[in-house]
There are 2 protein chains.
Amino acid sequence: MTDFVDVRSMVRWMLESGVERLITRMSAYVEDDFRRWETFDKTPRIASHTPYGVIELMPTSDYETYSFKYVNGHPSNPARGFQTVTAFGVLSQVHNGYPVLLAEMTLLTAMRTAATSAMAARHLARPDASRMALIGAGSQSEFQALAFRGALGIEDLAVWDTDPDAVSKLERNLAPLGFRIERAASGRDAVRGADVVTTCTADKALARVLEDAWIEPGMHLNAIGGDCPGKTELDPAILERGDVFVEYTPQTRIEGEIQQLGPDSPVTELWEVVAGRRPGRTSRDQLTIFDSVGFAIEDFSALRFLRDEVTGTSYTAALDLVAEPDDPKDLFGLVAAMAPVG
Amino acid sequence: MTDFVDVRSMVRWMLESGVERLITRMSAYVEDDFRRWETFDKTPRIASHTPYGVIELMPTSDYETYSFKYVNGHPSNPARGFQTVTAFGVLSQVHNGYPVLLAEMTLLTAMRTAATSAMAARHLARPDASRMALIGAGSQSEFQALAFRGALGIEDLAVWDTDPDAVSKLERNLAPLGFRIERAASGRDAVRGADVVTTCTADKALARVLEDAWIEPGMHLNAIGGDCPGKTELDPAILERGDVFVEYTPQTRIEGEIQQLGPDSPVTELWEVVAGRRPGRTSRDQLTIFDSVGFAIEDFSALRFLRDEVTGTSYTAALDLVAEPDDPKDLFGLVAAMAPVG
């Protein structure tokens, strides 16, 4: 039997464990896997693009455990009452190829993206950062806020979104959790005086939600909304001025903010920083940019964390996904074996 | 909610509908999709190889419906009590990216492989074929026998396997269904006088389960067990003498029997025959070879057939796989909404 974590169980686990605590603990799993980055089987995700959006498969393996995530990205979905991004994923045993865990990953991905941002910020943001600008108040925004409080203690947020209802929703969700939230009058207004700037907008366009003139020395930019060809958020002058950190360079060149630069623009892979091979932040005034597009190893970490947390609990149900004939050569016998006698 | 067909439901559907009837009807779906082959988004499968075996993802799409299959191949699994091949798969709507059907595919793949062989044989075997040699009596063998009876009315089988217990298992499964089964003394003995020769062995090696000298004019060879790099079944002289038909050339060059030939060896893609672009069998004495490795479009056809057959029946259960917040921008609100009041 394969363990299954459905949406309702995932919600219950998040509620009963605390989302901030889960993101913070998951962040340590992401960091562990970034540290052993070179041991993974890595491939760019396999995308099927249509005018509606994209459906992607994101596999990886550490040669003991295999994982993949199915994820869609449909910018016009919310206008029709659907989620922009939904996902589910699987962990398998490499030694026999059997799937051991199937999980909803719409919510799990929201936590893993935030957990990855938090992990990057621990290496790249000023440790005394206390104020974050949030540009974009959509599905990912609350998870980012909780991640940065868990990682750096940030409780002061300045929020900007073109949709005032989205900002109200964020206030409604986060104010009861102890955040001090300022409704900014513009993107520029939100960014002023921030230590960390998180961009998480959904528009599929070569947008500029941050202008170079707004960016102050010492800021850490956590740019997570530029994540497919033709979808960026940053004025390219920012990328030329700051130090850019990425997940997996071949994928980020195609999907990230740096698609706006030449193919040889300097980048540092974040795992090199985590593994102590290259420096992260080197001075208070350095401008650091995490050009995050999401990578399969982060989903692997999230599923690995989920498995460690929920195996043997009531958050999982048994799914009858793999045929188990008594004689492995007698698959057909499964059908005969279930036939009524006589 | 996503429809789910688990192993038990799949077995019940097969039992209550009749495996031969299902394979025959599925074969028509495979043929329909081969006829419109050019309309599909095609990519070679994405494989993660280890010394234990391989785990593969096989996606495709006709731009209305997307499918993928997860499948493993672990030759040493049966010795440890596991299936060599297990699989599951998903159908999704392209317009919003949502998965609509998740199904076990260990059994479904057994039927789709047989359905594809049957479809190929209708175009490539002599229509009056009445005797089939089955080389290999493993998991796939009974499904092949039923497929060829459905397609060509073949009821006379000559069976050879290095494992006599496997042949006994096949006799036990098929004799009650009306087949006349001859236990051959060797591969050569099985092949003599056959109209169709099906090879479905599992050994991962450059094997020769068929020698060129055994092959008679007019035979149709249905070679389905050579399906990954380093795994073949046929004496290459056979391939040079006969006309080779394949599914998707870029994949078959790597995985099929023709990995033993040069990169420009002549092949015909089966879809061209189905679509009437190129001839199939042109004479009674022609030697035809279907070098089958399995392609994602066949799984798409199998899932499409399954969906058409089981939607709205008791063979499906509702799976809570996709988060559905009331406000698509308020994913976090799902967690808050489920918190107990007070």
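Residues numbered from 1 in each chain as written. Chains lettered and ligands numbered in written order. Predicted model: local features only at pLDDT ≥ 70, side-chain atom pairs only at ≥ 80, totals over all residues. Heavy atoms only, no water.

A. Structural view of the overall build of chain A. When its secondary structure is counted, chain A shows eleven helices and 17 strands. Residues counted as buried form 62% of the 342 residues belonging to chain A. Charge-centre separation for chain A: the mean point of 33 positive side chains lies 3 Å from the mean point of 50 negative side chains. (Helix = DSSP H or I, 4+ residues; strand = E, 2+ residues; numbered from the N terminus. Buried < 20%, exposed > 50% of the residue type's maximum accessible area, 1.4 Å probe, protein only. Lys, Arg positive; Asp, Glu negative; His and termini not counted. Charge placed at Lys NZ, Arg CZ, Asp CG, Glu CD.)

B. Spotlight on helix 2 (residues 19-35) of chain A. If you check helix 2 of chain A, its first and last C-alpha atoms are 24 Å apart, about what 17 residues at 1.5 Å a residue would give, namely 24 Å. Within helix 2 of chain A, the full set of buried residues consists of Val19, Leu22, Ile23, Met26, Ser27, Tyr29, Val30, Glu31, Asp33 and Phe34 of chain A. At its buried positions, helix 2 of chain A is contacted by helix 1 (7-17), helix 3 (106-124), helix 4 (141-152), helix 9 (270-274) and helix 10 (296-310) of chain A together with helix 11 (331-337) of chain B. (Expected span 1.5 Å × (residues − 1). Contact = heavy atoms within 4.5 Å.)

C. A look at the sheet that holds strand 2 (residues 46-49) of chain A. Residue and element names in this part refer to chain A. The sheet built from seven strands is open, its strands ordered 2-3-4-5-6-1-17 with mixed pairing. Edge positions in the sheet fall to strand 2 and strand 17 (317-319), since each of these pairs with one other strand and no more. When the angles between neighbouring strand axes are averaged without regard to direction, this sheet yields 20°. Against the sheet, helix 3 engages strand 3 (54-61), strand 4 (65-73), strand 5 (87-93) and strand 6 (99-104), with an angle of about 85° to strand 6. Relative to the sheet, helix 10 contacts strand 1 (2-5), strand 3, strand 4, strand 5 and strand 6, its axis offset from that of strand 4 by approximately 115°. (Pairing = 2+ DSSP bridges. Axes fitted to C-alpha atoms, helices over the stretch in contact; angles between N-to-C directions.)

D. Just the sheet that holds strand 12 (residues 220-223) of chain B, in detail. Residues and elements named next belong to chain B. Reading across from one edge, 9-8-7-10-12-16-14-15 is the order of the eight strands in this open sheet, with parallel pairing throughout. Among the strands making up the open sheet, the edge pair consists of strand 9 (180-183) and strand 15 (268-269). Of the strand pairs in this sheet, strand 8 (residues 156-160) and strand 9 are connected by four bridges, and their pairing is parallel. Its bridge partner being in strand 9, aspartate 156 is matched across the sheet by arginine 180. Packing of helix 3 (residues 106-124) onto the sheet brings it into contact with strand 12, strand 14 (243-246) and strand 16 (288-291), and relative to strand 16 it is tilted by some 155°.

E. Region of the structure containing the confidence of the model for chain A. Residue-level pLDDT values for chain A average 94, and 99% of them are 70 or greater. Overall fold confidence for the complex sits at a pTM of 0.93, while the interface term, ipTM, reaches 0.91. (pLDDT = per-residue confidence, 0-100.)

F. Just the side chain of threonine 65 of chain A, in detail. Residue and element names in this part refer to chain A. Here threonine 65 is to be found in strand 4. When its relative accessible area of 15% is taken as the criterion, threonine 65 is described as buried. Each residue touching threonine 65, except ones within four places of it in the same chain, is listed here: Thr60, Leu91, Ser92, Val94, Phe300 and Arg307.

G. Broad picture of empty space enclosed by the protein. Evaluated as defined, the whole model comprises one cavity of 30 Å³ or more. The calculated volume of the largest cavity comes to roughly 30 Å³. Lining the largest cavity are Tyr66 and Val94 of chain A together with Ser48, Thr50, Gly53, Val54, Ile55 and His74 of chain B. Class assignment for the residues of the lining of the largest cavity results in four nonpolar, four polar and no charged. (1 Å grid on protein atoms, 1.4 Å probe; cavity = no way out; pocket = protein on both sides within 12 Å on 5 of 7 lines; lining within 4 Å. Points joined across faces, edges and corners; volume = space filled by probe spheres on them. Nonpolar A, V, L, I, M, F, W, Y, C, P; charged D, E, K, R; others polar.)

H. Focus on helix 1 (residues 7-17) of chain B. Residues and elements named next belong to chain B. Among the residues of helix 1, those classed as buried are Val7, Ser9, Met10, Val11, Trp13, Met14 and Ser17. Its side-chain oxygen at 3.3 Å from the backbone nitrogen of arginine 8, aspartate 6 defines the N-terminal cap of helix 1. Where helix 1 ends, the next residue or the one after it, glycine 18, has phi of about 95°, a positive value. (Polar contact = N/O pair within 3.5 Å; in protein donor to acceptor, adjacent residues only side chain to side chain.)

I. Just the nonpolar core, in detail. In terms of nonpolar packing, the biggest core is built from 78 residues, with Trp13, Met14, Leu107, Leu108, Met111, Phe143 and Leu157 of chain B touching the most fellow members. The dominant element in this core, judged by the number of residues it contributes, is helix 3 of chain B, at eleven residues. Non-local contacts of tryptophan 13 of chain B, meaning those with residues more than four positions away in its chain, are made with Gly18, Leu22, Leu108, Met111, Phe305, Leu306, Glu309, Val310 and Tyr315 of chain B. Core analysis: the second largest hydrophobic core is formed by 77 residues, Trp13, Val19, Leu107 and Ala120 of chain A among them. (Core = buried A, V, L, I, M, F, W, Y, C linked by side-chain atoms within 4.5 Å.)

J. The arrangement of the interface of chain B and chain A in detail. Across the contact, 77 residues belong to chain B and 77 residues belong to chain A. Between chain B and chain A, a total of about 6,800 Å² is buried, with carbon and sulfur atoms accounting for 70% of that surface. When the buried area of chain B at its contact with chain A is split by residue, Lys329, Leu331 and Phe332 of chain B rank highest and sum to 11% of it. Across the contact surface, chain B and chain A share two salt bridges. Per-element tally for the side of chain B that touches chain A: the top contributor is helix 11 of chain B, with six residues. (Buried area = accessible area lost by both parts, 1.4 Å probe. Salt bridge = Lys/Arg side-chain N within 4 Å of Asp/Glu carboxyl O.)

K. Inspection of the side chain of arginine 112 of chain A at higher detail. Residues and elements named next belong to chain A. Assignment of secondary structure puts arginine 112 in helix 3. Overall, the relative accessible area of 4% leaves arginine 112 in the buried class. The contacts of arginine 112, once residues within four sequence positions are left out, are Met26, Met58, Lys69, Gly294, Phe295, Glu298, Asp299 and Ala302.

L. Summary view of the packing of helix 3 of chain B against helix 10 (residues 296-310) of chain B. All names here are of chain B. Look at helix 3 against helix 10: their axes get within 10 Å of each other, and the N-to-C directions meet at 115°. Judged by the angle between their axes, helix 3 and helix 10 are roughly perpendicular. Regarding helix 3 and helix 10, the two cross each other, and that crossing is right-handed. Here Leu108, Thr109, Arg112 and Thr116 of helix 3 come into contact with helix 10, specifically with Glu298, Asp299, Ala302, Leu303 and Leu306. (Parallel < 35°, antiparallel > 145°, perpendicular 65-115°, else oblique. Left-handed = near helix turned anticlockwise from the far one by under 90°.)

M. Focus on the relation of the copies chain B and chain A. Least-squares fitting of chain B to chain A yields an RMSD of 0.0 Å, with the superposition described by an axial translation of 0.0 Å and a rotation of 180°. What we have between these two chains is a two-fold relation. (Least-squares fit on C-alpha atoms with pLDDT ≥ 70 in both.)

N. The packing of helix 2 (residues 19-35) of chain B against helix 10 of chain B, seen in detail. Residue and element names in this part refer to chain B. Where helix 2 meets helix 10, the closest approach of the two axes is 9 Å, and the angle between their N-to-C directions is 125°. By the angle class used here, helix 2 and helix 10 are oblique. Read as a crossing pair, helix 2 and helix 10 show a hand that is right-handed. In this structure, helix 2 contributes Leu22, Arg25, Met26, Tyr29, Val30, Asp32, Asp33 and Phe34 to the contact, and helix 10 contributes Ile297, Glu298, Phe300, Ser301, Ala302, Arg304, Phe305, Asp308 and Glu309. When its residues are assigned to classes, the contact of helix 2 with helix 10 shows nine nonpolar, one polar and seven charged.

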